[in-house]
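# Breakdown of the fold
Listed below are the residues making up each chain.
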Protein chains: 2
Amino acid sequence: MVEHIAIIGCGAAGATAAMQARKFDRNVQITLYNSEKYSQYSRCGLPYTISGKVKAFDDLVLMPAENWESLNIYAKLGITVTDIDHSNHELSFGGVGGEGKQEYDALIFATGAKNADPPITGLEKKRVYGLRTLDDAKALAEEAKKSKNAVIIGGGLVGMEAAEAFHERGLHVTVVEFLPHVLLAMVDPDMAQIIEDHCTEHGLTILNNTAAQEIKGKDTPTGVIVKSRESGEISEIPADFVVVATGVRPVTELAEKIGVEIGPTRGIKTDDRMMTNLQDVYAVGDCAENFEYITKTPFTGGLGTIAVRQARVAGINAAGGDAKFPGIVGAKVTKIFDLEIASTGLTEDLAQRFNVPIVKGSIKGSTKPPYYVGGKDLKLKTFFNKETGKLVGGQLVGLEDAAMRLNVLTLGIQQDINAVELFDFENCYAPAVCDTWDPLVQSADAARKRLKL
Amino acid sequence: MVEHIAIIGCGAAGATAAMQARKFDRNVQITLYNSEKYSQYSRCGLPYTISGKVKAFDDLVLMPAENWESLNIYAKLGITVTDIDHSNHELSFGGVGGEGKQEYDALIFATGAKNADPPITGLEKKRVYGLRTLDDAKALAEEAKKSKNAVIIGGGLVGMEAAEAFHERGLHVTVVEFLPHVLLAMVDPDMAQIIEDHCTEHGLTILNNTAAQEIKGKDTPTGVIVKSRESGEISEIPADFVVVATGVRPVTELAEKIGVEIGPTRGIKTDDRMMTNLQDVYAVGDCAENFEYITKTPFTGGLGTIAVRQARVAGINAAGGDAKFPGIVGAKVTKIFDLEIASTGLTEDLAQRFNVPIVKGSIKGSTKPPYYVGGKDLKLKTFFNKETGKLVGGQLVGLEDAAMRLNVLTLGIQQDINAVELFDFENCYAPAVCDTWDPLVQSADAARKRLKL
């Protein structure tokens, strides 16, 4: 019987696991450990504290520290779990309030991920930042006040959202992306091109296919030396400060130490109950590896939606319940300079890596009927398994209603629909809202014909 | 073998049937008859020609008359089918170009619906209109230029959209609704109340539970006599013109004449191939009765989305193919004074009428996370079958992202999902777009708990 659940990490994953365990069992003892001094806050909201779309840092705190007590949950904030003796089910911790030991019956790793620093000279300088913690955001909000030139290394979601934020604060912003396009973990190159054009029109400088080599300057940056991977040309971009957003890797050291298995994605391997190879030891969120929904390939989410859903499952199970996590579809979305960018399931690249032969339905449509003023262009792709006709992914880019349309595709993937079923989808229609055959349905029609379904 | 397909009606249904028949068979002879002189135009777009959101009447014409020839389709516009001798597979027509007869092998009724005039004295006066044809809209656009007071009798979709349009043109507009609330064919009373409050704040006068009795005035209206159904009080509302939008009924006279069966909804009975009881005779769109998706109850769509989907099926089948129509979910949407109003599947009222016991998930949520500025209130309900847990309907009202969210529910109904599957839905999330647990998922969670699933 579980009397004490210990949870390491108080991000979206750890905090949700604690709350769900408490909902399931009123009496089980629950302790949350967090190295950061803050209680649960929205990590995804950090870029918006720079632009002001989130008004105050405190607004991001979703679970004020003092509220844990009312749930009878011990939240040890600013306290790090330093060691685990799993044979005795006991962990050691240290931090502001001194050191100590604590027994547990069930253990949940919600240790998140940390920045994976790229091979660039000068990363140790002052005014070189990641954007992963509330303290990072606070420092960067100060930079926005006093700087002219920002260089963002890495054009993934965090990098692009940060770039937009600094641009909105009036800075000149350059994004340095190693790969041929930004956001390639999310969208295909043709969609990335639309996004880049849009961002460039709005004033961002984007250097694709470019390696950042060195951060110049004595103590603080004066510029970033970059090398074009095509031409080999080397140049220096002026920078008052630098944000490094080249991706993250799961934090697994403690887990590895007690014999928890790590998977091919470098995340902690979990089953459909979010349990690791060790009984009553769970992992959730960015530190955890689970399965891609369609192919059942080992997969790490790296998304808040996945973190809270996994955490709910682990929290219930740790408290003695039996919940299941259905796998990761990987629905992703952002909005940059009002452009909605949305992707779900497999990209072309992922489909190839996972050996899924695909047929595409590509549409350049409009969000509204042609006769109604104000419709916006919508670029849309859906992917179907060439052999089974099943929906395996989709991407949308447009100035409105791209993200919400994506949701239809995600539910479709979860329900295992094929191109005919998406074609038969009865979208809602009104002149002020959408045309009679939604672009989603049009894309399914194109694919259905190609699939001869 | 079908050599000649005759289609009666050139609205969305008739035109789509013609085009789909042509796509399926390059050689079959196709003739379209339309009593109106116009080729296919968007009927749903008519109110927006009054407000100017559709700039020109011609913009509504989706298939210019001259384009039919290039598809090798004979479009007889302004020509009415006057009689049918089905034993000889021959129809008679008359109109601007004279009279004639035409043989057919397959016949498609796309005769639409017509206004069902309510028992009101004075409907025959000038400046009393329906809003169903392009000529109606042209006349009403002129009224908008010269009038001060408009009275709309009937607060359904057409009535409310017309009311908004005239209000935007600066008129004082009163909506007279016989039932306790507007839009009750679409939403439940509590949702209708939100809509009414919103419209009233924007300047509409809405009189619910009120019977229009008489249109006063000599040749043209000066006012409308109305009687409160609660208090019995009688009053007169000033009116320069009147729009009657109290609903429609299927046009079935010709079909009845040749022995086509009419269903309990007064529409032409059709099967899943959109065929009537007579071989090779089809009916599609507003004149046709088919089946409600969930309960298989006889149902009439009255929606453009349904019309084109049914027409596609009938067009293919008439040309010798074999397509199936999956039934009518009835996804409906509109936007009035920027408020998106969306409904799918069964309302509470329909569920009761169709003997479906329901459990509700009601949520007052927000379109964005609480920490991000600019999120809008979203009122949302989902309905699940109390016995099976299956999703049977949903309604959303909000200033953004209500309509597109509805699409998720419609696909869910079509995929027969239950409350747990909607709860497991992996919505996309980003601070600028939506929270980690979408309000849809929250409503499923509330219902799931009530269902003990």
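If you're wondering where the values come from, they're calculated on a predicted model, not measured in any experiment.

Helix and strand content of chain A: twelve helices and 26 strands. The C-alpha radius of gyration computed for chain A amounts to 23 Å, which stays within 12% of the reference 22 Å derived for 453 residues, consistent with globular compactness. Based on the C-alpha atoms only, the size of chain A along its principal axes is roughly 65 × 55 × 40 Å. Here chain A, with 453 residues, has 60% of them falling under the buried criterion. The long-range fraction of contacts in chain A, counting pairs at least 24 apart against all pairs at least 6 apart in sequence, stands at 61%. In the structure as shown, chain A presents an accessible area of about 17,400 Å², 48% of it carried by carbon and sulfur atoms. Positive and negative side-chain charges in chain A, numbering 48 and 59 respectively, have mean positions lying 2 Å apart.

Membership of the largest hydrophobic core comes to 114 residues, with the highest contact counts inside it found for Met160, Phe166 and Ile341 of chain B. Ignoring sequence-local partners within four residues, the contact set of isoleucine 341 of chain B consists of Leu183, Met186, Val187, Ile195, Lys332, Val333, Thr334, Ile336, Leu396 and Val397 of chain B.

Bringing the interface of chain A and chain B into the picture now. Across the boundary between the two partners, chain A contributes 63 residues, which contact 63 residues of chain B. Roughly 5,500 Å² of surface becomes buried between chain A and chain B when both sides are summed, with 64% attributable to carbon and sulfur atoms. Interface area lost by chain A to chain B is led by Tyr371, Met404 and Glu426 of chain A, which between them contribute 15%. Here chain A is connected to chain B by zero salt bridges. The tally of links between chain A and chain B comes to 24 residue pairs in polar contact (both at pLDDT 80 or more). In terms of residue count, helix H10 (residues 403-414) of chain A provides more of the side of chain A that touches chain B than any other element does, ten residues in total. Partitioned by chemical class, the residues of the side of chain A that touches chain B number 32 nonpolar, 14 polar and 17 charged.

Take the environment of proline 189 of chain A next. Residues and elements named next belong to chain A. Along the chain, the position of proline 189 falls in helix H6 (residues 189-201). Overall, proline 189 belongs to the partly exposed group, its relative accessible area being 46%. Not counting the four nearest positions on each side in its chain, proline 189 is found in contact with His181 and Leu184.

On to helix H8 (residues 304-318) of chain B. Residues and elements named next belong to chain B. A rise of 1.5 Å per residue sets the reference length of H8, with its 15 residues, at 21 Å; its end C-alpha atoms lie 20 Å apart and thus fit the reference within 8%. Counted residue by residue, H8 has 15 buried out of 15 residues, so it is predominantly covered. Just past H8, the residue glycine 320 takes up positive phi, approximately 105 degrees.

All names here are of chain A. By the definition in use, this model includes 44 salt bridges over all chains. The partner of aspartate 438 in a salt bridge is arginine 405, with the nearest N and O atoms 2.9 Å apart. Placement of the pair is aspartate 438 in the loop between helix H11 (419-423) and helix H12 (439-450) and arginine 405 in helix H10, with a sequence separation of 33 residues. Of the two residues, aspartate 438 and arginine 405, both sit in the buried class. Beyond isolated ion pairs, a larger network of salt bridges with shared partners links Asp188, Asp190, Glu348, Lys360, Lys379 and Lys381.

Residue and element names in this part refer to chain A. With parallel pairing, five strands are arranged side by side in an open sheet as E9-E16-E10-E11-E12. If you trace the sheet from one side to the other, it starts and ends with strand E9 (128-129) and strand E12 (205-207), each paired once. Pairing of strand E10 (residues 149-153) with strand E16 (residues 241-244), which is carried by four bridges, proceeds in the parallel orientation. For isoleucine 153, the partnering residue across the bridge sits in E16 and is valine 244. Taken strand by strand, helix H5 (residues 157-168) contacts E10, strand E11 (172-176), E12 and E16, and its axis lies near 165 degrees from that of E11.

Expressed as a screw operation, the relation of chain A to chain B combines 0.0 Å of axial shift with a rotation of 180 degrees, fitting to an RMSD of 0.0 Å. When the rotation and shift are considered jointly, the pair of chain copies conforms to a two-fold rotation axis.

Residues and elements named next belong to chain A. Pairing is antiparallel in the open sheet, where three strands are placed in the order E4-E5-E6. Unpaired on one side and paired on the other, strand E4 (79-85) and strand E6 (100-103) mark the two borders of the sheet. When the angles between neighbouring strand axes are averaged without regard to direction, this sheet yields 30 degrees. When E4 meets strand E5 (residues 90-95), the two strands line up antiparallel, connected through six bridges. Paired with aspartate 85 across the bridge in E5 is glutamate 90.

All names here are of chain A. Linking E4 back to E5 in an antiparallel pair, the connection comprises four residues, with histidine 89 at a positive phi of about 50 degrees. Pairing of E5 with E6, which is carried by four bridges, proceeds in the antiparallel orientation. For serine 92, the partnering residue across the bridge sits in E6 and is lysine 101. What sits between the antiparallel neighbours E5 and E6 is a turn of four residues, in which glycine 98 has the positive phi angle 95 degrees.

Evaluated as defined, the whole model comprises 14 aromatic pairs over all chains. A centroid spacing of 5.8 Å and a plane angle of 5 degrees characterise the contact between phenylalanine 423 of chain A and tryptophan 437 of chain A, whose relative ring orientation is stacked. With phenylalanine 423 of chain A in helix H11 and tryptophan 437 of chain A in the loop between H11 and H12, this residue pair connects regions lying 14 residues apart in the sequence. Owing to a relative accessible area of 6%, phenylalanine 423 of chain A belongs among the buried residues under this scheme. Cation over ring: arginine 229 of chain B sits above phenylalanine 178 of chain B, and NZ or CZ is 3.7 Å from the ring centre. Above the face of the phenylalanine 423 of chain B ring, arginine 448 of chain B is positioned so that its terminal group lies 4.2 Å from the ring centre.

We now examine H10 of chain A. The end-to-end C-alpha separation of H10 of chain A is 17 Å, in line with the 16 Å expected for twelve residues at 1.5 Å each. Here H10 of chain A has its buried residues at Ala403, Met404, Arg405, Leu406, Asn407, Val408, Leu409, Thr410, Leu411, Gly412, Ile413 and Gln414 of chain A.

Here we take up the domain arrangement of chain A. All names here are of chain A. One can read the domain layout of chain A as domain 1 (4-42 + 61-114 + 248-318), domain 2 (117-244) and domain 3 (338-451). When each unit is reduced to the centre of its C-alpha atoms, the spacing between domain 2 and domain 3 is 31 Å. Between domain 2 and domain 3, the contact holds eleven residues from the first and 16 residues from the second. Carbon and sulfur atoms supply 66% of the area that domain 2 and domain 3 bury against each other, a total of about 1,000 Å² over both sides. Sorting the residues of domain 2 by area buried against domain 3 places Met186, Asp188 and Met191 first, and these three jointly supply 51% of that buried surface.

Before going further, it helps to spend a moment on the packing of helix H1 (residues 12-24) of chain A against helix H8 (residues 304-318) of chain A. Residue and element names in this part refer to chain A. Between H1 and H8, the least distance of the axes is 7 Å, while the angle of their chain directions is 35 degrees. Both H1 and H8 take part in a crossing whose hand is right-handed. Counting all contacts with H1, which are made through Ala12, Ala13, Thr16, Ala17, Gln20, Ala21 and Phe24, the residues of H8 involved are Ala307, Val308, Ala311, Arg312, Gly315 and Ile316. Here the contact of H1 with H8 is composed, by residue class, of nine nonpolar, three polar and one charged.

Let us look at unusual backbone geometry. A negative phi angle characterises most non-glycine residues, just as the trans form characterises most peptide bonds. Residue and element names in this part refer to chain B. Although it is not a glycine, methionine 274 adopts a positive phi angle of roughly 65 degrees. Considering the arrangement of structural elements, one finds methionine 274 in the loop between strand E18 (268-269) and strand E19 (281-283). With phi around 45 degrees, phenylalanine 337 is a residue other than glycine that occupies positive phi space. Here phenylalanine 337 shows up in the loop between strand E22 (332-336) and strand E23 (339-345). Overall, phenylalanine 337 belongs to the buried group, its relative accessible area being 8%.

What follows covers the packing of H10 of chain A against helix H10 (residues 403-414) of chain B. Following both chains from N to C, one finds H10 of chain A and H10 of chain B inclined at 15 degrees, their axes separated by 7 Å at the closest point. In terms of orientation, H10 of chain A and H10 of chain B fall into the roughly parallel class. Note that H10 of chain A runs across H10 of chain B; the crossing there is right-handed. Side by side, H10 of chain A and H10 of chain B meet where Met404, Arg405, Asn407, Val408, Leu411 and Gly412 of chain A of the first sit next to Met404, Arg405, Asn407, Val408, Leu411 and Gly412 of chain B of the second. Grouping the constituent residues of the contact of H10 of chain A with H10 of chain B by class yields six nonpolar, four polar and two charged.

Procedures and definitions
Just so you know, the residues in each chain are numbered from 1, in the order the chain's sequence is written. Lettering of chains starts at A and numbering of ligands starts at 1, both following the order in which they are written. Since the coordinates come from a predicted model, pLDDT governs what is reported: local features require at least 70, and pairs of side-chain atoms require 80 or more to be given and counted, while whole-chain, interface and lining totals use all residues. Heavy atoms from the whole structure form the basis of all side-chain values; hydrogens and water molecules are not counted. Numbering of helices and strands starts at the N terminus; helices are DSSP runs of H or I of at least 4 residues and strands are runs of E of at least 2. The atom set for the radius of gyration is the C-alpha atoms, and the globule formula is 2.2 Å times the number of residues raised to the power 0.38. Exposed residues in this analysis have more than 50% of their type's maximum accessible area, buried residues have under 20%, and partly exposed residues fall in between, with area computed by a 1.4 Å probe over protein chains only. A contact between two residues is defined here by any heavy atoms of the two lying within 4.5 Å. Each accessible area is a Shrake-Rupley result for a 1.4 Å probe, and residues are judged covered by the shown protein chains and nothing else. By the counting rule applied here, Lys and Arg register as positive and Asp and Glu as negative, while His and the ends of each chain are not counted. By convention, the point assigned to a charge is CZ for Arg, NZ for Lys, CD for Glu and CG for Asp. Put simply, buried Ala, Val, Leu, Ile, Met, Phe, Trp, Tyr and Cys residues joined by side-chain atoms within 4.5 Å make one nonpolar core. Put simply, buried area is the surface a 1.4 Å probe can reach on two separate parts but cannot reach once they are joined, added for both. In what follows, salt bridge is the name for a side-chain nitrogen of Lys or Arg lying within 4 Å of a carboxyl oxygen of Asp or Glu. Two N or O atoms form a polar contact when they lie within 3.5 Å of each other; inside protein one atom must be a possible hydrogen donor and the other a possible acceptor, and for residues adjacent in sequence the pair counts only when both atoms belong to side chains. Here the nonpolar group is Ala, Val, Leu, Ile, Met, Phe, Trp, Tyr, Cys and Pro; Asp, Glu, Lys and Arg are the charged ones; every other residue, Gly included, is treated as polar. To estimate how far a helix should extend, the number of its residues minus one is multiplied by 1.5 Å. Should DSSP find at least two bridges between two strands, the strands are taken to pair. Each axis is a line fitted through C-alpha atoms, taken for helices only over the stretch in contact, and angles between the N-to-C directions span 0 to 180 degrees. A least-squares superposition brings the copies together, and it is based on the C-alpha atoms of residues with pLDDT no lower than 70 in both. Aromatic pairing here means that ring centres of Phe, Tyr or Trp (its six-membered ring) are within 6.5 Å. Orientation follows from the plane angle: under 30 degrees is stacked, over 60 is edge-to-face, and everything else is tilted. A ring has a charge above it when a Lys NZ or an Arg CZ is no more than 6 Å from the ring centre and no more than 35 degrees off the ring normal. The source of the domain bounds is an automatic or database domain assignment. Should the near helix be turned anticlockwise from the far one by less than a right angle, the crossing is termed left-handed; should it be turned clockwise, right-handed. Orientation categories follow fixed angle ranges, with anything under 35 degrees roughly parallel, anything over 145 roughly antiparallel, 65 to 115 roughly perpendicular, and all other angles oblique.

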